[in-house]
Amino acid sequence: METSDSKPVHCFPSTSLPMSSPEEAYQTDSAQSLIRAYLRENLEVYRELCELRDAGHESNDADLYFQNQRSQADHASVKAQMGFFKLMQSIGLELDDATSALKIRRPGMPRPAILDLCMAPGGFSLAALQRNNPRSALLRGISLPPSEGGHVIRLRHVSCAKEEDVETATKFVDYRDITLLAEEMGVVLGDIPPSHPDAALFSSDRPYFGSQFDLVFCDGQVLRTHQRGEHRADHEAVRLLTSQLVLALQRIRPGGTMVILLHRANSWSTIRLIYTFDLFSDSIQLFKPTKAHRIRGSFYLVAKGVQPAREAALQAVQRWKAQWKFATFGGEVLNERELAVLGRTAETEVQFVIDAFGSRLLALVEPVFRVQMEALRNAPWMKKGGGGVAKSTGDKGIRQEEEVGKSKAHSSVVPQKEPSGPS
C-alpha cells in the first residue's frame, strides 16, 4: 500500500483481542519478554545494563538516592527552579548540537514557528529561540497551570524574543491540562458519561487549531505535584503522551521536526512508537545526554521531515486517540473499529517489527543503553561496595531519577530506510 507521496506503508497485522487496560494490548508480559530477549541476544551493552539494573534494584542506597531526588524536585526553591530552567536550556542546546533539530530551515519562510507542549519551565523553548532568529520566531506553548501543580514558566524573565512575547508568559502560553482536551481527542462533550469524575473539566477547545508549526516539542511527563483525582493514577502517563502526540501531529507543518521525551528504550510500547514515527518521517534519531539523564531511562526521539498526511501518520493518530479514550473512559466511548485497533495481538506485532526494523532498532538504541550503563557503573550506591553485579535474572529496572544534572549530548541517527514489509 502506498500513499499519494509514494511512501510505502508498513501495516501491522491485526486480530481482535479483549483487554482490560490501554497498555495491555502493547505491554503484555509475553510481548515484553520477546522484545527484551531480542535485545539481550543482540546487544552486549544491554546485557550489562540488565545486570547493573538488577544490582540497583536490590540496593537500599539506590532507594534512598531516588527518594532524595524526588524530594528535591517536589520542594524546589525559586533558585533551584531557575537552575532547572537553565539546565533544560542547556540540554536543548546539546540536543541541537547532536541532531541539528532546533534550527528551522524552510525556504522562503516568513517566520519560523515553534510549539512547546508542556512548556514549563521553558528551557527548550529558549534553546530553540537562540538557535533561530529570536526577534522573528513565533513561539506558542501549552502548560499545566501552577495553581494545579505545574511548573512556573521562567522564559518570561529572558528578553531574547519579541518584547511583547517575553513581557508576560500569558501572551504566548495557553495554561491548561492538555489531557482534558476531549474534542481534540475525538470525544464530543455530550458523549462523556455524566458519572465520570472529571465530566465538568473536559474541554471542547482545540488550541492553535488551523496553525502550523515547524518545530514541536512533546516534553511532558507526569508530575507528582499535579492535583488530580486518584482515578487518574494508573493511566495518566498514557493519557499525557497520547494527548501531546495527537495535538502535535495535527499542528506540525509537513516536513517539520518533532522532539519527544520517551522512557525505557527496552519497552515494547516505546519501541513501537519509534518504529511508527519512522514510517512517516524522513529520518529519526535518538538523543541521550551523557550527564543530565545518564542514570534515568529517559531519552528523546527526534523525528525530522514529519509527514502528517501520510497514511501511517493518520493511522497513528487514530490509535493514539483510541488509547486516550480507553485510558480515560474505559470502553464506554469506543466504537468497534477503535476496540479492534486496541485489541491487536502484541506478540505478532513484536515479531513483525523485529523482522522489518530490528537491525536499525539495535543501531538506534545501543548508544542510549551505553550511556545509562556507564552511568550506573559509577552510581553512588555502586561505589559503596554493596552494589556488586550479580548474574542477571531478568530486566527488573530501577526507579528513574526525576531531576537531572548538566549534560553533553549523545545521539544515534539512522536516516536510511530498509525495504518495506507487507502492507
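None of the values given here were measured: they were computed from a predicted structure.

*Asks:* Can you lay out the overall build of the protein chain for me, pointing to particular residues and giving the numbers?
*Replies:* Scanning the protein chain for helices and strands turns up 13 helices and 8 strands. Per-residue burial for the protein chain yields a buried fraction of 56% across its 423 residues. Put simply, of all contacts in the protein chain between residues at least 6 apart along the chain, 82% involve residues at least 24 apart. Looking at the protein chain as shown, the accessible area adds up to about 17,900 Å², and 48% of this sits on carbon and sulfur atoms.

*Asks:* Could you give an account of the packing of aromatic side chains, naming the residues involved and the relevant values?
*Replies:* Scanning the model with the defined rule gives 11 aromatic pairs in all. A centroid spacing of 4.9 Å and a plane angle of 45° characterise the contact between tyrosine 46 and phenylalanine 369, whose relative ring orientation is tilted. Of this pair, tyrosine 46 sits in helix H3 (residues 44-57) while phenylalanine 369 sits in helix H12 (residues 346-377), placing them 323 residues apart in sequence. Residue class for tyrosine 46 comes out buried when judged on its relative accessible area of 0%. With 6.0 Å between their ring centres and 40° between their planes, phenylalanine 287 and tyrosine 300 make a pair best called tilted.

*Asks:* Lay out helix H2 (residues 29-42) with the relevant residues and their values.
*Replies:* The first and last C-alpha atoms of H2 sit 20 Å apart over 14 residues, in line with the 20 Å expected at 1.5 Å per residue. Those residues of H2 not exposed but buried are Ala31, Gln32, Ile35, Arg36, Tyr38 and Leu39. One face of H2 carries all of its buried residues, which in axial projection span an arc of 150°. When the buried face of H2 is taken as reference, the exposed residues oriented beyond 90 degrees from it are Asp29 and Glu41.

*Asks:* Lay out the packing of H2 against H12 with the relevant residues and their values.
*Replies:* Two elements in contact, H2 and H12, have axes separated by 10 Å at closest approach and are oriented at 40°. Considered as vectors, H2 and H12 are oriented oblique to each other. In this structure, H2 crosses over H12, and the sense of that crossing is right-handed. Contacts between H2 and H12 involve Ser30, Ala31, Leu34, Ile35, Tyr38, Leu39 and Asn42 on the former and, on the latter, Ala346, Glu347, Val350, Gln351, Ile354, Gly358, Ser359, Leu361, Leu362, Val365 and Phe369. Taken together, the residues that form the contact of H2 with H12 break down as 12 nonpolar, 5 polar and 1 charged.

*Asks:* I'd love a proper account of the nonpolar core, names of residues and values included.
*Replies:* Residues Met258, Phe277 and Trp320 are the most contacted members of the largest nonpolar core, which totals 81 residues. The greatest single-element share of this core, amounting to 16 residues, is contributed by H12. Discounting residues that sit within four places of it in the chain, methionine 258 has contacts with Val216, Cys218, Leu245, Ala248, Leu249, Ile252, Phe277, Leu301, Val302, Ala303 and Val306.

*Asks:* Give a description of the pattern of salt bridges that names residues and reports values.
*Replies:* The tally for this structure, following the rule as stated, stands at 14 salt bridges. The partner of aspartate 214 in a salt bridge is arginine 253, and the shortest N-O contact between them spans 3.0 Å. With a gap of 39 residues between them, aspartate 214 in strand S4 (residues 213-218) and arginine 253 in strand S5 (residues 252-263) connect regions that are remote in the sequence.

About the cut-offs
- Residues numbered from 1 in each chain as written.
- Predicted model: local features only at pLDDT ≥ 70, side-chain atom pairs only at ≥ 80, totals over all residues.
- Heavy atoms only, no water.
- Helix = DSSP H or I, 4+ residues; strand = E, 2+ residues; numbered from the N terminus.
- Buried < 20%, exposed > 50% of the residue type's maximum accessible area, 1.4 Å probe, protein only.
- Contact = heavy atoms within 4.5 Å.
- Areas by Shrake-Rupley, 256 points an atom, 1.4 Å probe, with all protein chains shown as cover.
- Phe/Tyr/Trp six-rings, centres within 6.5 Å; stacked < 30°, edge-to-face > 60°.
- Expected span 1.5 Å × (residues − 1).
- Arc of directions from axis to C-beta.
- Axes fitted to C-alpha atoms, helices over the stretch in contact; angles between N-to-C directions.
- Parallel < 35°, antiparallel > 145°, perpendicular 65-115°, else oblique.
- Left-handed = near helix turned anticlockwise from the far one by under 90°.
- Nonpolar A, V, L, I, M, F, W, Y, C, P; charged D, E, K, R; others polar.
- Core = buried A, V, L, I, M, F, W, Y, C linked by side-chain atoms within 4.5 Å.
- Salt bridge = Lys/Arg side-chain N within 4 Å of Asp/Glu carboxyl O.

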